[in-house]
2 protein chains.
Amino acid sequence: MPVALNETHDPTRKSFVESANAPGSDFPIQNLPFGIFRRAAGEPPRLGVAIGDQILDVAAAAASFEGPAAEAGRFSSVPYLNHLMSLGPQVWSALRLALSRGLSIEHGDARLREHLTPMAQAEMRLPVAIGDFTDFFASIFHATNAGRLFRPDNPLMPNYKYVPVAYHSRASSVRVSGKPFKRPRGQRKGPNDAAPSYGASRNLDFELELGIYIGAASELGEPIPIGRAAEHVFGFCLLNDWSARDIQAWEYQPLGPFLGKNFCTTVSPWVVTAEALAPFHTAAFARPDGDPAPLPHLDDAEDRAHGGLDITLEAYISTETMRQTGAAPQRLTQTSCALLYWTASQMIAHHSSNGCNLNIGDLLGSGTVSGPEKSSWGSLLELTTRGTVPLTLPGGEKRGFLEDGDEIVFRGYCEKPGAVRIGFGECRAAVLPAG
Amino acid sequence: MPVALNETHDPTRKSFVESANAPGSDFPIQNLPFGIFRRAAGEPPRLGVAIGDQILDVAAAAASFEGPAAEAGRFSSVPYLNHLMSLGPQVWSALRLALSRGLSIEHGDARLREHLTPMAQAEMRLPVAIGDFTDFFASIFHATNAGRLFRPDNPLMPNYKYVPVAYHSRASSVRVSGKPFKRPRGQRKGPNDAAPSYGASRNLDFELELGIYIGAASELGEPIPIGRAAEHVFGFCLLNDWSARDIQAWEYQPLGPFLGKNFCTTVSPWVVTAEALAPFHTAAFARPDGDPAPLPHLDDAEDRAHGGLDITLEAYISTETMRQTGAAPQRLTQTSCALLYWTASQMIAHHSSNGCNLNIGDLLGSGTVSGPEKSSWGSLLELTTRGTVPLTLPGGEKRGFLEDGDEIVFRGYCEKPGAVRIGFGECRAAVLPAG
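None of the values given here were measured: they were computed from a predicted structure.

A.B. asks: Sorry if this is basic, but what is going on with the sheet that holds strand β3 (residues 54-57) of chain A here?
C.D. replies: In any sheet, the strands associate via hydrogen bonds between backbone groups, in a parallel or an antiparallel arrangement. All names here are of chain A. On the basis of which strands lie adjacent, the open sheet formed by five strands has the order β4-β3-β2-β1-β5 and antiparallel pairing. Either end of the sheet is taken by a strand with one partner, and the two such strands are β4 (116-118) and β5 (123-125). Along the sheet, successive strands turn relative to each other by an average axial angle of 45 degrees, direction set aside. Looking at chain direction, strand β1 (residues 34-38) and strand β2 (residues 46-51) are connected through four bridges and run antiparallel. Of the residues in β2, the one forming a bridge with Phe34 is Val49.

Structural data, given as structure tokens:
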């Protein structure tokens, strides 16, 4: 387990912020995810921590902290989490401990109440100045499902069980939850078209992913040993790798996805720290009999035992008609990150295995998280067999791919006996017309 | 032509820095490329402009400038060119004009001599804080040559003549000329190997490319019309997209190149501005009869007439033995950017055609610049038929791919009657053992 359990994980600790103690809360005192918020339009961005339905202004709170936690507070009135990341794991942990104590009933500092802002009033910002964004392909179920649709005779490439396959994606177009985006235009060519044409994508899709933020850098030319990889992780988010399947299908040979992906990626505003997730580490995905063992540089006993993450991910859809008629969002899928073929540490060890350096603020996506059953598939590509078997929504609407006005909402959470539920909040965005 | 000719292009203008007036100089007064330098170790980085064998400290010089050029100077003591870029094309041009006059014999300000540093004494730095790095595949000769080696039955994909194919590459590992790098390790699998193994790459290669720096941003969701694309270009550099062919061949299906590329990319220290290159625009590559016309969003009469760039690129090799015996570097290839199938404006229009936003400091690579003849192929993959037909070097050494100690040097220049030769300087780096 990369981070040891400590008093911040104590399931009996409660916060004086009552809403944090509600059973279904995403943000109990055991979570304490970081984000960047503004209290109102025109105000400067601030480093915040989520507690119940409130946001604590960390810089203001840290005035009463001591030691390394105070250091983190001094620099927290900055527009991104990168500075906090740069202070290193000991400071992250000290700040978390100070916040856990300060917001608790037993040790709490009631003066912190003055520095709370209701989430309902705050504007959340993109939390991290993202350096490079790398997207993996770590679900063997997704790789097989997607491969079958693009290459029926050759669904899973021979490298898949050896290489944590990934591609570089686009950092500039990552947006925070809540920002709608325009349906992309691009080149599409149907199987019966003589030539491609340029126009609005007809096959717009979501991809349900886990995001991993790098909080500690590595040097060029210096691979990160798998046993040290977890030390480079600051935290996790929900990530929607919006995909235009028609653009992707026409463009992706031979150099991979490009315009089919880089028009927008949506991330959740709250970064759940690696430390908060410590109780929810689990065994890495058990490779089926006959699968090769990972090569030695990707194999580690500790990672095999605890490198998996038991995070439940869900995707919901809400169409314009559903919102007008007051229908609740419809769940499309429910899956778990524990089903990923490759662990976060394997992704990091692989990424740096050739000497590629990681920087503070780099973002890694897991790739679509799909499980073995249809109810756990993480994209419409899979759920509708590339649009050919549409889903039926409440009210009778059909969806092969996304239509204008559709909103996709991701939720993520960890639950297990003996631990307090930890949530990721939401990652949501709606599709605007191509315009 | 994206930038009009003006007095800075006047071929009769000479500089009071004598070395700039020598016929073979890369840096005459008509060039004035920008870079970031340090006068000595421990000194702060400064914005510089190359003139002959000297570097002018722009911030110091700008104290005597007026108008927008003075504005550029006030902010030039910063570690990257991004701030200058952010001031916009009118300021770039005003600064260039002030530098051209200030360094000229006829209008010159001799006080500027005090702010010159010999290049031989200066340390050049990475000139730009790179946001996203995108690498294109714009040479049809390279695409065909490379395709034939990886896919003998299917060398050129059906999308090639419609799509300016590109992939996202890695910004964190871009280094400035002169920095050696370690041979990457990675997974390789020979055709007769039962399984891959992890070890030092055996097929290390260079790729001779032109780099394009974006100097003006675009908004998410707003495609850049091809007729406006050139306005987003600040300047150009030489770019070596080092490639490990064995790692690349094993990993690249289905999501494209990743660890085979991202261990290091080397760029030249001097950024030759779009304005300096105005005299060397030429017709876009003439598509052979039978090739489809570009789709309308990639087609522009002005771009067809002037969108090509007549920049000669050369690559040289110098092995450890050659250096020990005093042998001159051996030229491996000589090619021209005018042979690219896609222009810079087409690349930019395509990149943003789905709404992907470009940021100040983004870097685009052209992809390997190869011509139709073997003497103009821009990688060892092509020159040695994937290592199977080694080159013979002075002293009898053979090279299929690069060996430790090999240094690759790129040079680039523009020459034509009636214009003064403009050079790019060098882009050089040596291969260190995997260690």
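Back to the text.
A.B. asks: I'm lost on helix α9 (residues 344-351) of chain B in this one. Help?
C.D. replies: An α-helix turns once per 3.6 residues; consequently, residues spaced three or four apart project the same way. With respect to burial, α9 of chain B is a largely interior element, eight of its eight residues being buried. On its buried side, α9 of chain B packs onto β6 (133-136), β13 (208-214), β14 (233-240), α7 (301-306) and β22 (363-365) of chain B.

A.B. asks: Would you mind going over the pairing of strand β7 (residues 166-169) of chain A with me for this structure?
C.D. replies: Side-chain direction in a regular strand flips from residue to residue, so the side chains alternate between the two faces of the sheet. All names here are of chain A. Here β7 shows a buried face lined by Ala166 and His168 and a second buried face lined by Tyr167 and Ser169. As paired strands, strand β6 (residues 133-136) and β7 are joined by four bridges and run antiparallel to one another. The partner of Phe133 across the bridge, within β7, is Ser169.

A.B. asks: What exactly am I supposed to notice about the environment of Glu71 of chain B here?
C.D. replies: All names here are of chain B. Relative to the helices and strands, Glu71 is located in helix α2 (residues 68-74). Exposure remark for Glu71: the relative accessible area of 30% places this residue in the partly exposed category. Those residues in contact with Glu71 that lie beyond four places of it in its chain are Leu87 and Val91.

A.B. asks: What's the story with the relation of the copies chain B and chain A in this structure? I'm lost.
C.D. replies: Copy one and copy two of the chain differ by a rotation about a common axis and a shift along it. If you rotate chain B by 180 degrees and push it 0.0 Å along the axis, it lands on chain A with an RMSD of 0.0 Å. What we have between these two chains is a two-fold relation. Within chain B, Gly256 of chain B has its C-alpha nearest the rotation axis, a separation of 2.1 Å. With an isologous cut-off of 70% or more, the 100% of interface residues of chain B that recur at the interface of chain A puts this contact in the isologous class.

A.B. asks: Would you mind showing me how to read the domain arrangement of chain A here?
C.D. replies: By a frequent convention, interface size equals the accessible area lost on bringing the separate parts together. All names here are of chain A. Split by domain assignment, chain A resolves into domain 1 (7-125) and domain 2 (133-432). Between the C-alpha centres of domain 1 and domain 2 the distance comes to 28 Å. The interface of domain 1 with domain 2 comprises 30 residues on the first partner and 27 residues on the second. Of the roughly 2200 Å² buried between domain 1 and domain 2 on both sides combined, carbon and sulfur atoms contribute 66%. Sorting the residues of domain 1 by area buried against domain 2 places Asp26, Met85 and Trp92 first, and these three jointly supply 26% of that buried surface. Our count for the domain 1 to domain 2 interface comes out at three salt bridges. Ionic pairing is found between Arg411 and Asp26, a salt bridge with its closest N-O pair at 2.9 Å. One can count 10 residue pairs in polar contact (both at pLDDT 80 or more) joining domain 1 with domain 2.

Conventions we followed
- Residues numbered from 1 in each chain as written.
- Chains lettered and ligands numbered in written order.
- Predicted model: local features only at pLDDT ≥ 70, side-chain atom pairs only at ≥ 80, totals over all residues.
- Heavy atoms only, no water.
- Pairing = 2+ DSSP bridges.
- Helix = DSSP H or I, 4+ residues; strand = E, 2+ residues; numbered from the N terminus.
- Axes fitted to C-alpha atoms, helices over the stretch in contact; angles between N-to-C directions.
- Buried < 20%, exposed > 50% of the residue type's maximum accessible area, 1.4 Å probe, protein only.
- Contact = heavy atoms within 4.5 Å.
- Least-squares fit on C-alpha atoms with pLDDT ≥ 70 in both.
- Domains from an automatic or database assignment.
- Buried area = accessible area lost by both parts, 1.4 Å probe.
- Salt bridge = Lys/Arg side-chain N within 4 Å of Asp/Glu carboxyl O.
- Polar contact = N/O pair within 3.5 Å; in protein donor to acceptor, adjacent residues only side chain to side chain.

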